[in-house]
Amino acid sequence: MPRVTRQRISAGLWLAGLAAALCWAMLQTTVRNDMTSFMPRAATPVQRLLMNELREGPVARLTLITLGGAPREELAQLSKHVAARLRAGGLFVRVANGEQLFGDAERAQLFAYRYLLSPAVNPERFSADSLRAALKARLRELASPVPSFDRPWLAEDPSAEMRAMLSAWRGQARPRMYRGVWFDAAGQQALLLAQTRARGFDLDAQQRAQQAVREALGDAGTGSVELGISGPGVFAVASRDVIRADTRRLGMMAAAVAILILLVSYRSLRLLLIGGLPLLSAVTAGIVAVDLVFGAIHGLVLAFGVTVIGVAIDYPIHLFSHLNAGEPVRRSLANIWPTIRLGAITTAMGYLAMSGTDFPGLMQFATFAIAGLLAAAACTRWGLSGLLPELYTPRYGTPIADYYARFAPPKRIWGRLMIAAALAALGFLVSRDDVPWEDDIAALSPIPESLMARDRHLHAQLGVPDTNHVVLIRAIDAQAALQASETLAVGLRRLVADGAIGSIDLAARYLPSARTQRARRDSLPEPARLRRDLEHALAGTPFKKDAFAPFEKAVAAARTLPPLLPGDLQGTTLGLRLRTSLLPVDDGWVALITLAGVKNPQALQAFLSEHQHPDLHYLDLKRDTRSLMADFREHAAIRVLWGVLAIALVLGIGLRSARRTLLVLLPGLVAVIIDVAFLRMLGERLSLFHLVSLLLVVGISIDYGLFFSRGDPDPAMRGRTFHGLVVCVLSTVSVFGILATSRLPVLNAIGSSVAVGVALSFLAAMLLARPGPSPVPADCR
């Protein structure tokens, strides 16, 4: 069979495979936007608990709502209307706005169990003196023009246990009240605090919850009211929207730039269409590979596909620039294929070192890059030659290429100056005293600082504590977890009293352990004793002798109640609240104790050290996530070094020349050092994604170094090689420069560092990767 027929068949098969992969990418691929994918995978039980807390803990589920821009009377009514709608909608576990609202059945259940749930119940609570003080307090309330909410329960609850229970649930910090609902300190905005049923990073569910808030306000028919929504879920949805918008914008801009450069460089619509095939193959292969390996692709990784365009376009450019007049396309391709192949393999080897990490987001980046680059190179080799005419020479010419072909390479002094600049940059980096690394996961967020500051302000207005400090207690069952948390809470409350901690919150605050409930039940007086003490307490008061008979019956009934268990609260407001701080995990349960306003970390740490136990874990979410990121960054840096060594090894094997291997590697190392120094001079803090970028710079620089060091004896061929490299660097710098305009810190970091690094790599390769005096082996050309 003629060779050209085989090439056409190969191209046809490639197009068919590409069409099938495109269908898979468009119809089967799931896109996710959970920013915790860009945190390392948990390796220890404590780290697993930390990641679970970040994804599903109560902090991640909070939604803060403000209503403003209208009179206070109207805002108070709107607050009640919105809260009622959200409670009825089922998307929120809890909606608080200052009202105390329970369903009739739940209120009756809590009222019956008030003596077992109220923290005020103790053996002295129902003595004659305590009852007399309680009755006097009730008399003062009856004389007040403002009725208390529990006045209808006076006969059954003269000691106000229901009030004590609800007051304990509310905590100490409370917003300003007006017409029974919360307002900010200035009285200009009504405040609501909601907790979603869904996880904080279930973005579709979070978006539905936020839409429910807007619809609840819209139903009230008040278009002039200003609605504000804030919280982790809100920020996560906003981040997803930014990722989607940037992906579309950057993709369109990068494609437009690539099209423009190809058209200007080769002045051929045919080459433009054919040259786009490796780019499409690279992006499609990357998407499908990540989806097959991980089951979904992150939106940031999808946006990372823009970077593959900047690299994959190099392969068809090299082919187009090396087509010789009168020479078959397949022969021109055969001459440069070993160089393209070696460049693609070495770049992929660098990313292979990153693909085995415990960082899901970084693993997706590496998988996408490896699959995309190899697909682009393979498409250039087996797909393009069958789409070009047998004898085809593009019509192009540039003064720069002609100049480079006619004159000698740059003098060696310029290469020495480049190395001197790298050494000066290295000295600058070593002399810096500040920490160059950014390990804060919040730095990955595209949310403006102004919105984050507003969120912190709303937290303060609502009295929602800073919940970055959490104590986790593992136990065999829910009751053991509740008991352990109650025991630890005794000492923590002493720290609160001493001012070391602002406040604590735990599940046992709402539902004490069965042991505590039994102790309170056993402290209730027998009927005869209660009647005797109540008669003494009634003496000298205007109450009738039998006015509190319902109270006596209630206490007698409470003495026979079994403890209230978590299972008894299924489907109730209290039960849903408990689910955020009392969780089944693996083969046991975890109770969370949230610590707010930690002012003396040393005292807290000393207390926890005294109570050290294998099942007790203290998490400072900010500190621990930073530490986790820092540990992984160090691990990733080692992998990057292994990647560079793997690249050097593959180059050495492929080139079979230690001198040329050094010449090919040196420009990338020089460029990376100067690039990092430039970023640090601009005040940039380096992250994991700068490491990814620098690895990409090394890979691209190797491609430049391979072509500059080929040593073509034909001046015309040297000119075409230089023309191709100029087009490559212009396209790559342009695409990554576009990426640097992204609102996403991850993509901005990759774009800015690669754009600068690639420009430096081209300059360094031109000055340093000089061909040797002896001919290059034909199989490496």
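Residues numbered from 1 in each chain as written. Predicted model: local features only at pLDDT ≥ 70, side-chain atom pairs only at ≥ 80, totals over all residues. Heavy atoms only, no water.

## Digging into the nonpolar core
Argument step 1. Ranked by internal contacts, the top residues of the largest apolar core, which has 120 residues, are Leu-388, Leu-651, Tyr-704 and Phe-708.
Argument step 2. With 15 residues, the single largest contributor to this core is helix α26 (residues 688-708).
Argument step 3. When near neighbours in sequence (up to four residues on either side) are disregarded, Phe-708 contacts Tyr-404, Phe-722, Leu-725, Phe-762, Ala-765, Met-766, Ala-769 and Pro-771.
Argument step 4. Of all hydrophobic cores here, the second largest spans 60 residues; its members include Ile-473, Leu-506, Leu-524 and Leu-595. (Core = buried A, V, L, I, M, F, W, Y, C linked by side-chain atoms within 4.5 Å. Buried < 20%, exposed > 50% of the residue type's maximum accessible area, 1.4 Å probe, protein only. Helix = DSSP H or I, 4+ residues; strand = E, 2+ residues; numbered from the N terminus. Contact = heavy atoms within 4.5 Å.)

## Looking at the confidence of the model for the protein chain
Argument step 1. Per-residue confidence for the protein chain averages 83 on the pLDDT scale, and 89% of its residues sit at or above 70.
Argument step 2. Predicted confidence is poor over residues 774-781, with pLDDT under 50, and the contacts of this stretch with residues over four places away or in other chains come to 16 contacts. (pLDDT = per-residue confidence, 0-100.)

## Concerning unusual backbone geometry
Argument step 1. Of note, the phi angle at Ala-160 is positive, near 55°, even though the residue is not glycine.
Argument step 2. Note on placement: Ala-160 falls in the loop between α6 (128-143) and α7 (161-170).
Argument step 3. You can call Ala-160 buried: its relative accessible area is 7%.
Argument step 4. Although it is not a glycine, Arg-656 adopts a positive phi angle of roughly 55°.
Argument step 5. Along the chain, Arg-656 turns up in the loop between α24 (621-655) and α25 (658-681).
Argument step 6. What makes Arg-656 exposed here is its relative accessible area of 59%.

## Comments concerning the pattern of salt bridges
Argument step 1. Taken as a whole, this structure holds 14 salt bridges when the rule is applied.
Argument step 2. Between Arg-529 and Asp-533 there is a salt bridge, with the nearest N and O atoms lying 3.7 Å from each other. Residue Arg-529 and its partner Asp-533 are located together in helix α20 (residues 527-538), separated by 4 residues, close to a single helical turn.
Argument step 3. For Arg-529, a relative accessible area of 43% puts it in the partly exposed group.
Argument step 4. Relative accessible area serves as the criterion here: at 12%, Asp-533 is assigned to the buried category. (Salt bridge = Lys/Arg side-chain N within 4 Å of Asp/Glu carboxyl O.)

## A look at the pairing of strand β13 (residues 616-620)
Argument step 1. Taking burial as the measure, the 5 residues of β13 include 5 buried ones, the bulk of the element.
Argument step 2. Residues Leu-616, Tyr-618 and Asp-620 of β13 are buried on one face, and the alternating residues His-617 and Leu-619, pointing to the opposite face, are buried as well.
Argument step 3. Here strand β9 (residues 469-475) runs beside β13; their pairing, made up of 5 bridges, is antiparallel. From the neighbouring strand, His-469 faces β13, where its bridge partner is Asp-620. (Pairing = 2+ DSSP bridges.)

## A word on the packing of aromatic side chains
Argument step 1. What the rule picks out here adds up to 12 aromatic pairs.
Argument step 2. Centroid distance Phe-126 to Phe-551: 6.1 Å. Interplanar angle 40°. Geometry classified as tilted. Taken together, the residues Phe-126 in the loop between α5 (114-117) and α6 and Phe-551 in helix α21 (residues 549-558) connect sequence positions 425 residues apart.
Argument step 3. Taken together through their ring pairs, the aromatic side chains of Tyr-704, Phe-708, Phe-722 and Phe-762 make up a single cluster. (Phe/Tyr/Trp six-rings, centres within 6.5 Å; stacked < 30°, edge-to-face > 60°.)

## Concerning a nonpolar patch on the surface
Argument step 1. Together, Ile-259, Leu-263, Leu-269 and Leu-273 make up an exposed nonpolar region whose accessible area comes to about 380 Å².
Argument step 2. Elements with a contribution of two residues or more to the nonpolar patch: α9 (232-266) and α10 (269-294).
Argument step 3. Judged by relative accessible area, Ile-259 falls into the partly exposed class, the value being 39%. (Patch = residues over 30% accessible without salt bridge, like charges linked within 9 Å, V, L, I, M, F, W, Y side chains within 5 Å. Areas by Shrake-Rupley, 256 points an atom, 1.4 Å probe, with all protein chains shown as cover.)

## Some remarks on empty space enclosed by the protein
Argument step 1. Considering all chains together, one arrives at 3 cavities of 30 Å³ or more under this definition.
Argument step 2. Taken as a whole, the largest cavity holds about 80 Å³ of empty space.
Argument step 3. Taken together, Arg-138, Glu-141, Leu-142, Ser-148, Asp-150, Arg-151, Leu-154, Asp-157 and Arg-163 form the lining of the largest cavity.
Argument step 4. At 3 residues, the largest contribution of residues to the lining of the largest cavity is made by α6.
Argument step 5. Split into classes, the residues belonging to the lining of the largest cavity amount to 2 nonpolar, 1 polar and 6 charged. (1 Å grid on protein atoms, 1.4 Å probe; cavity = no way out; pocket = protein on both sides within 12 Å on 5 of 7 lines; lining within 4 Å. Points joined across faces, edges and corners; volume = space filled by probe spheres on them. Nonpolar A, V, L, I, M, F, W, Y, C, P; charged D, E, K, R; others polar.)

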